[in-house]
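# Architecture at a glance
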Amino acid sequence: MEEEEIEKAVLAYLRKKGFSKTQLTLQEEQQKNSSAPKTDPEIAKQILAFAELENGPVRYKDEYNKLRSWSYNSLDVYKPELLRVLYPVFIHCFMDLVAKGHTQEARAFFQSFRENHEASHLRDLQKLESVLTPQHLEEMEFAHSLRQNKVNIKLCQYSYELLLQYLHKAECTLMLGIINERINFQVYGGQPSGEAEVVTLTGSSQEAVEQINQREIRWGVLEDSLEERLEKEILAAEAEKNEAEVKEGDAEESKKKAGEGGKSGGPSKKLKKDKLTGTTGKGVRTETNVVSSAPRVKSELTMPTISVEVERSVLEDLRNRARLSSSALPSVSFYTFINTHNSLNCASISHDGALVVGGFSDSSLKVWNIAKMGEQPYYSENGDVAEGQNGQLAGSETGKRSYTLLRGHAGPVYAANFSPEGDYILSASADNTVRLWSSKLNANLVCYKAHNYPVWDVQFSPFGHYFVSASHDRTARVWAMDRIHPLRIMAGHLSDVDCVQWHANCNYIATGSSDKTVRLWDVQTGECVRMFVGHRGMVLSIAMSPDGRYMASGDEDGAIMMWDLSSGRCVTPLMGHTSCVWTLTFSCEGSLLASGSADCTVKLWDVNASSKMSRTEEKAGTAQRLRLLKALPTKSTPVHALRFSRRNLLFAAGAFTRNP
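Residues numbered from 1 in each chain as written. Predicted model: local features only at pLDDT ≥ 70, side-chain atom pairs only at ≥ 80, totals over all residues. Heavy atoms only, no water.

### What about the sheet that holds strand β28 (residues 601-606)?
Spelled out, the test is: When DSSP finds two or more bridges between a pair of strands, those strands are recorded as paired. For the purposes of this entry, the term helix denotes a DSSP run of H or I that reaches at least four residues, the term strand denotes a run of E that reaches at least two, and both are numbered from the N terminus. Fitted lines through C-alpha atoms serve as axes, helices being fitted only where they are in contact, and the angles separating the N-to-C directions of these axes extend from 0 to 180 degrees.
What the four strands build is an open sheet, ordered β26-β27-β28-β29; its pairing is antiparallel. A strand with exactly one partner marks an edge of an open sheet, and here the two such strands are β26 (581-586) and β29 (628-633). Taken over all neighbouring pairs, the strand axes of this sheet differ in orientation by 15° on average, direction set aside. Direction of pairing for strand β27 (residues 592-597) relative to β28: antiparallel, over a ladder of five bridges. In the strand pairing of β28, Ala594 is matched with Leu604.

The structure is reproduced here in C-alpha cells:
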C-alpha cells in the first residue's frame, strides 16, 4: 500500500512540473518490473511528507468543489438537506489549511467559495476572514470553539446514505475525514423535510447545551411583591363592595316583601344578581391572570424600600389597568423623532409615558417632558431646537428648549433606560462607561467604569437600584446604584453581548449576543443556568413574561423566538418581521407580546395561542404556532423602543426617516 502511494506521489509531482516524458518512462518501468524492490523507509517517509505538503491544499479545493457540484446537481427532493453540509465543511477546510500553515492557499480557498455562503453567514465569514495563522485559531475564541465542538445537522436516512456513498465512490477522503470528525449527523427515518434550513455555527456542542439546561431554576414571581399586595387589596375592596351591594339588595327585597306580600321578591333578587355578575354571568374581576397563578419565590437580592407615594401611584394604576386579550387590543401612543439625520441610536420611555429620552451619535442625551410640550418650538435643520444668538429659543418668549440636554459622554450613546419610577436615567456609550442621571435635577450623578470596550445596552431591574450592562468585551455586569464597581461579571459568550433583560423575580438575567445565543445567568452565583440555541443571526432584543416562565428574543433577521425557561426549549418561532427586531415587551398580564422592528412596524402577538401547546402538537407540528393579532405600520419610522405602562397602554418611539 505504501509503495502504491509513493508511486502516485512521484507521478503526480512529475505531472505537476510538466515532465511528461519522464512520467511515461517511469510508468513503463513500473509495468515491466512489477516486483520492484521496496523503497528505503526514510526515503519513503520524506517522499510522502513532501507529497502531502505539495498536494494537500490542492486536494482540499478539488474535493470540496466536487462535493459542492454534486450537492447542487442532486435531485430537488434531497438537495435542501445535502446543501446543509457545505457550509460547515467549507469552514473546517479553511481552518485546516490555516492550521497546517498554508496561509496563501487558505486565503485563495476562502475567496473562491465565500460567495456561496455570504447571504446566510456574512458575520461569521467576516470574523474568520482575519484568521491568518495557526496562532490566530487558538487566540480567537469563536474559531477555537468551532474546532473543539461538532455541529449538528439533520438528514433523512436516504440523504445520509447518498452522501457517504458519493464520498467513498469519488475518493474524497479529506472531505470524509472532516465530516466524520467535525459533524454530528442526526439521522431520522422517512422522507426528507425539503426545507432549506440554515446551519448555525455557535461554537457550543449539543451535549454542553443540554448539560447546562439541566440545572434547576425557579422561574416564578417574587412572593409578597408590591403589585401582589395591592392586587389583593383591590380584590378585597371589590369583594367588600359587592357584599355591601348584595346586603343592600337583600334589604330592598325584604322591604318589598313586607309591602307587597313577597310577590315581586324573586325577580328583584334575580335582577340584582345580574347587576353584580354582569351579562356574562361571571364576577367583575374573574379574568385569568397568568401572574397570579405563577409560583412564588424569594429574591436573592436585597430589595429597595418603596415610598408611600409610589405605592399610591401603583395602586391607582392597577385600579385603572385595562384587561388585554386577543379580542381587546391595547391603545398605542407613538412618539416620533424628526430631523435626526440618522443620529438617533436609542430611545426609552418612562413607565407612564410622561418622559422620553433619546441617545444620539453626538454623545448627548435629550429628555422630553410630554406634559410640558404645549407650545411647539421651531426645529433647525440639524434636528435641534433653533436658538438665537444668546442661546435662546428662536420664536419663543420663554427662551427654553422643548427638551433637556444632558452631556457627559465622550462617545455615541447606544442605550438609555428609565428607572421604574422615572426619577433616574441610565445611559451606555462607546466611551466604555455607564452614567446615571437624575431626571429631576437634570444632572449626571455617577459614572460607572469597568468595561474595556463600548457598552451596547443597560437595563434597570424591575424594582430599581440594581442594573445590568452589556458590552463589546463579551461580558454583562451587574451593578448597584450606590457602588462604583460591578457586583457580578457574567462571562461566557463568544462575541459581543448586545442586549440584556432582567427576570421578573430579579434572580436571573438574560443576555443576547452576536454569537446567536441567549444565555440565562444566576445573579447570585454569576453562573450560566440556561443556554438557548436557535437564532440564525445576532440577538438584538429580549423580553421576559410577567410570570417569569417565558422569554422572547428577536434577532437581526426579523425572527422572534419564544422560549420556555424551565426546559430551555423553543416553544414557537414567530415569523413576520422583514428586518431587525429592535425591541420586545409583554403586556402586564402576559397575554400579548409587542415587537418593534426596523421594517417600520409594530406587531402584536397572541402569547397564549403560541405558548399553550401540548407536547404532541409541538412534535407533530400540526398546531397553529403563530398568531399575529395586528400589524401596525408607521409611515417611515423604524421602531426603537416599546413599553407597556402599568395601565397596559402601549408606548412606542422611533425616528422618522425619509425614503430615498
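That shown, we press on.
### Observations concerning the UniProt feature "repeat: WD" (unreviewed entry) in the protein
Basically, it comes down to this: UniProt positions are given in the numbering used here, feature names are shortened, and annotations may be inferred rather than shown by experiment.
According to UniProt, the "repeat: WD" (unreviewed entry) feature falls on residues 337-370, 406-438, 448-479, 490-531, 532-573 and 574-615. End C-alpha to end C-alpha, residues 448-479 measures 9 Å, and it is 0% helix and 59% strand.

### Focus: the packing of aromatic side chains
Basically, it comes down to this: Stacked, edge-to-face and tilted labels apply to pairs of Phe, Tyr and Trp rings (six-membered ring for Trp) whose centres lie within 6.5 Å, assigned for plane angles under 30 degrees, over 60, and everything in between, in that order. Throughout this description, buried means an accessible area under 20% of the type-specific maximum (1.4 Å probe, protein chains only), exposed means over 50%, and partly exposed covers the range between.
Applying the stated rule across the entire model yields 19 aromatic pairs. With a centroid separation of 5.3 Å and an interplanar angle of 80°, the aromatic rings of Phe337 and Trp368 are classed as edge-to-face. With Phe337 in strand β5 (residues 332-337) and Trp368 in strand β8 (residues 364-369), the pair connects residues that are 31 residues apart, well separated along the chain. What makes Phe337 buried here is its relative accessible area of 7%. In this structure an aromatic cluster arises from ring pairing among Tyr64, Phe90, Phe94, Phe109, Phe110 and Phe113.

### Thoughts on the side chain of Asn507
Here is the rule: Residue contacts are defined here by distance: any two heavy atoms, one from each residue, within 4.5 Å place the two residues in contact.
Looking at where Asn507 falls in the secondary structure, it is placed in the loop between β18 (497-502) and β19 (508-513). Excluding residues that lie within four positions of it along the chain, Asn507 makes contacts with Arg218, Val297, Lys298, Ser299, Glu300, Leu301, Trp521, Asp522 and Val523.

### Focus on the environment of Cys506
Structurally, the position occupied by Cys506 is in the loop between β18 and β19. Sequence separation of Cys506 and Asp522 is 16 residues, and the distance between their C-alpha atoms is 9.4 Å. Setting aside residues no more than four positions away along its own chain, Cys506 makes contact with Leu301, Met303, Ser461, Pro462, Phe463 and Val523.

### Digging into the sheet that holds strand β20 (residues 517-522)
With antiparallel pairing, the four strands of this open sheet are ordered in space as β18-β19-β20-β21. Edge positions in the open sheet fall to β18 and β21 (528-533), since each of these has one partner strand only. Geometrically, the sheet is characterised by an average inter-axis angle of 20° between neighbouring strands, direction not taken into account.

### With respect to the environment of Thr657
With respect to the helices and strands, Thr657 occurs in the segment after β31 (650-655). Take Thr657: its relative accessible area is 25%, and that puts it in the partly exposed class. Remark: the alpha-carbon pair of Thr657 and Asn339, spanning 318 residues in sequence, is separated by 8.3 Å.

### Focus on the pattern of salt bridges
The criterion, for reference: The working definition used for a salt bridge is a side-chain nitrogen of Lys or Arg within 4 Å of a carboxyl oxygen of Asp or Glu.
Enumeration according to the criterion identifies 17 salt bridges in this entry. Note that Glu63 is salt-bridged to Arg59, the shortest N-O span being 3.4 Å. With a gap of four residues between them, Glu63 and Arg59 both fall in helix α3 (residues 41-72), about one helical turn apart. You can call Glu63 buried: its relative accessible area is 6%. Notably, a salt bridge pairs Arg114 with Glu129, separated by 2.8 Å at the nearest N-O pair.

### Observations regarding the nonpolar core
Rules: Residues belong to a common nonpolar core when they are buried Ala, Val, Leu, Ile, Met, Phe, Trp, Tyr or Cys residues joined through side-chain atoms within 4.5 Å.
By size, the foremost hydrophobic cluster in this structure holds 42 residues, and its most contacted members are Val89, Phe90, Phe94, Leu163 and Met175. Examining the composition of this core, we find that 10 residues originate from one element, helix α5 (residues 86-99), more than from any other. Here Leu163 is in contact with Leu67, Trp70, Leu82, Val85, Leu155, Ile179 and Phe185, once residues within four sequence places are set aside. Counting 19 residues, the second largest nonpolar core, distinct from the first, contains Leu301, Ala470, Ala476 and Trp521.

### Describing helix α9 (residues 141-148)
An α-helical segment advances 3.6 residues per turn. Residues three or four places apart therefore align on the same side. We count it as follows: Throughout, the arc means that of the directions going from the helix axis to the C-beta atoms.
Three or more residues of α9 are buried, namely Phe142, Ala143, Ser145 and Leu146. What you see down the axis of α9 is that its buried residues fit within an arc of 165°, all on one side. Residues of α9 that are buried sit in contact with α5, α7 (118-128) and α8 (134-139).

### Things to note about the packing of helix α10 (residues 157-169) against helix α11 (residues 173-182)
Worth spelling out the cut-off: Two helices cross in a left-handed way if the nearer one is turned anticlockwise from the farther one by less than a right angle. They cross in a right-handed way if the turn is clockwise. Residues are grouped as follows: Ala, Val, Leu, Ile, Met, Phe, Trp, Tyr, Cys and Pro are nonpolar; Asp, Glu, Lys and Arg are charged; all remaining types, including Gly, are polar.
As a packed pair, α10 and α11 sit with axes 8 Å apart at the nearest point and diverge in direction by 145°. The handedness of the crossing between α10 and α11 is left-handed. For the pair α10 and α11, contact is made by Leu163, Leu164, Leu167 and His168 and by Met175, Leu176 and Ile179, respectively. Each residue belonging to the contact of α10 with α11 can be placed in one class, and the counts come to six nonpolar, one polar and no charged.

### A word on unusual backbone geometry
The phi dihedral of Asn342 is positive, around 60°, even though this residue is not glycine. Tracing the backbone shows Asn342 in the loop between β5 and β6 (344-349). Unlike most non-glycine residues, Arg474 shows phi in positive territory, near 70°. Of note, Arg474 is situated in the loop between β15 (466-471) and β16 (475-480).

### As for the pairing of strand β23 (residues 550-555)
Counting buried residues along β23, six of its six residues qualify, which places the element largely inside the surrounding structure. In β23, alternate side chains face the same way, and those of Tyr550, Ala552 and Gly554 on one face and Met551, Ser553 and Asp555 on the other are all buried. Pairing analysis gives five bridges linking strand β22 (residues 539-544) to β23, with the strands arranged antiparallel. Considered in β23, the bridge of Met544 is made with Met551. With antiparallel pairing between neighbouring strands as the criterion, β22 and β23 make up a hairpin whose turn holds five residues, including Gly548 at a positive phi of roughly 80°. Here β23 pairs with strand β24 (residues 559-564) via five bridges, running antiparallel. In the sheet register, Met551 faces β24, and the bridge partner there is Trp563.

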